[in-house]
Amino acid sequence: MNAPAPRLLITGSRDWADADMIFTALRQAWTQLGAHPGTILVSGNCPTGADKIAEDIWEQRGHIVERHPADWSKGRSAGPARNKKMVELGADLCLAFIGHCTSPRCKKPQPHDSHGATGCSKLAAKANIPVREYRPTERTTS
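If you're wondering where the values come from, they're calculated on a predicted model, not measured in any experiment.

Engineer: A description of the side chain of S121 should follow, citing residues and the corresponding values.
Structural biologist: Secondary-structure assignment places S121 in helix 4 (residues 115-126). Setting aside anything within four residues of it in sequence, one finds S121 in contact with T11, A96, I98, V131 and E133.

Structure follows, in structure tokens:
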């Protein structure tokens, strides 16, 4: 009997822009998971940022994306509920691309990490899913 295809959970900030970092992380994760051609990328399906970049890279290479869009008609709790569901479905590895919080509603002192990606990575770690966290690199222009 064949083992099930590995599952790779992606979580990330909606304003993440570093596609090179995501490409490198996905390549490393795919190799770590045995370079299985059926490896499934599990995504929260945000139309921008880390989710969108990872989905595009994954699909361009012919791999499967399993999308879990949040039902925003249920209010602000939709994102955390979606993240909880993705974690409960299981994964072999979680890649978390955590940027700075940019929420205009947030009352915490700035700067601090984005809430959604941070929350999802903590849920994954609590569920014994190995987590790799990535943060934006500070680039200077000359």
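Read on, since the account is not over.
Engineer: Explain the environment of W30 to me, using residue names and the numbers behind them.
Structural biologist: In this fold, W30 is placed in helix 1 (residues 19-32). The partly exposed category is assigned to W30, whose relative accessible area is 24%. With 28 residues separating them in the primary sequence, W30 and W58 have C-alpha atoms 10 Å apart. Look past the residues within four positions of W30 in its chain and what remains in contact with it is A35, H36, T39, W58 and H63.

Engineer: Which residues make up the state of the cysteines, and what are the values?
Structural biologist: For the coordinates displayed, the defined rule picks out 0 disulfides. In this structure C46 is not part of a disulfide, and its nearest cysteine sulfur, from C120, lies 13 Å away. Free cysteine: C120, not disulfide-bonded; nearest cysteine sulfur from C94 at 5.4 Å.

Engineer: Explain helix 4 residue by residue, including any values.
Structural biologist: Spanning 12 residues, helix 4 covers 16 Å between terminal C-alpha atoms, matching the ideal 16 Å at 1.5 Å per step. Within the sequence span of helix 4, burial applies to A117, T118, C120, S121 and A124. Seen end-on, helix 4 carries its buried residues on one side only, within an arc spanning 165°. For helix 4, exposure combined with an orientation more than 90 degrees from the buried face picks out K122 and K126. Against the buried residues of helix 4 lie strand 1 (7-12), helix 3 (78-88), strand 4 (93-97) and strand 5 (131-134). Where helix 4 ends, the next residue or the one after it, N128, has phi of about 65°, a positive value.

Engineer: For the pairing of strand 4, give the residues involved together with the corresponding values.
Structural biologist: Buried residues dominate strand 4, accounting for 5 of its 5 residues. Taking every second residue as pointing to the same face, both faces of strand 4 are buried, with L93, L95 and F97 on one and C94 and A96 on the other. Where strand 1 and strand 4 come together, 5 bridges link them in parallel fashion. In the strand pairing of strand 4, L9 is matched with C94.

Engineer: Describe the packing of helix 1 against helix 2 (residues 49-60), and please don't skip the residues or the numbers.
Structural biologist: Where helix 1 meets helix 2, the axes come as close as 10 Å, and the angle between the chain directions of the two elements is 55°. Overall, the two elements helix 1 and helix 2 adopt an arrangement that is oblique. In the crossing of helix 1 with helix 2, the sense of the turn from one axis to the other is right-handed. For the pair helix 1 and helix 2, the contacting residues are A19, I22, F23, L26 and W30 in the first and A50, I53, A54, I57 and W58 in the second. A per-class count over the contact of helix 1 with helix 2 returns 10 nonpolar, no polar and no charged.

Engineer: Tell me what's going on with the sheet that holds strand 4, and back it up with residues and numbers.
Structural biologist: Read across the sheet, 5 strands follow the order 3-2-1-4-5 without closing on themselves; strand pairing throughout is parallel. Each edge of the open sheet is held by one strand with a lone partner, namely strand 3 (64-67) and strand 5. Between one strand axis and the next, the sheet turns by 20° as a mean value, whatever way the strands run. Pairing of strand 1 with strand 2 (residues 40-43) involves 3 bridges; the strand directions are parallel. Across the sheet, L9 pairs through a bridge with V42, a residue of strand 2. In the packing of helix 1 onto the sheet, contacts are made with strand 1, strand 2, strand 4 and strand 5, and the angle to strand 4 comes to roughly 170°.

Cut-offs used in this document
Residues numbered from 1 in each chain as written. Predicted model: local features only at pLDDT ≥ 70, side-chain atom pairs only at ≥ 80, totals over all residues. Heavy atoms only, no water. Helix = DSSP H or I, 4+ residues; strand = E, 2+ residues; numbered from the N terminus. Contact = heavy atoms within 4.5 Å. Buried < 20%, exposed > 50% of the residue type's maximum accessible area, 1.4 Å probe, protein only. Disulfide = S-S within 2.5 Å. Expected span 1.5 Å × (residues − 1). Arc of directions from axis to C-beta. Pairing = 2+ DSSP bridges. Axes fitted to C-alpha atoms, helices over the stretch in contact; angles between N-to-C directions. Parallel < 35°, antiparallel > 145°, perpendicular 65-115°, else oblique. Left-handed = near helix turned anticlockwise from the far one by under 90°. Nonpolar A, V, L, I, M, F, W, Y, C, P; charged D, E, K, R; others polar.

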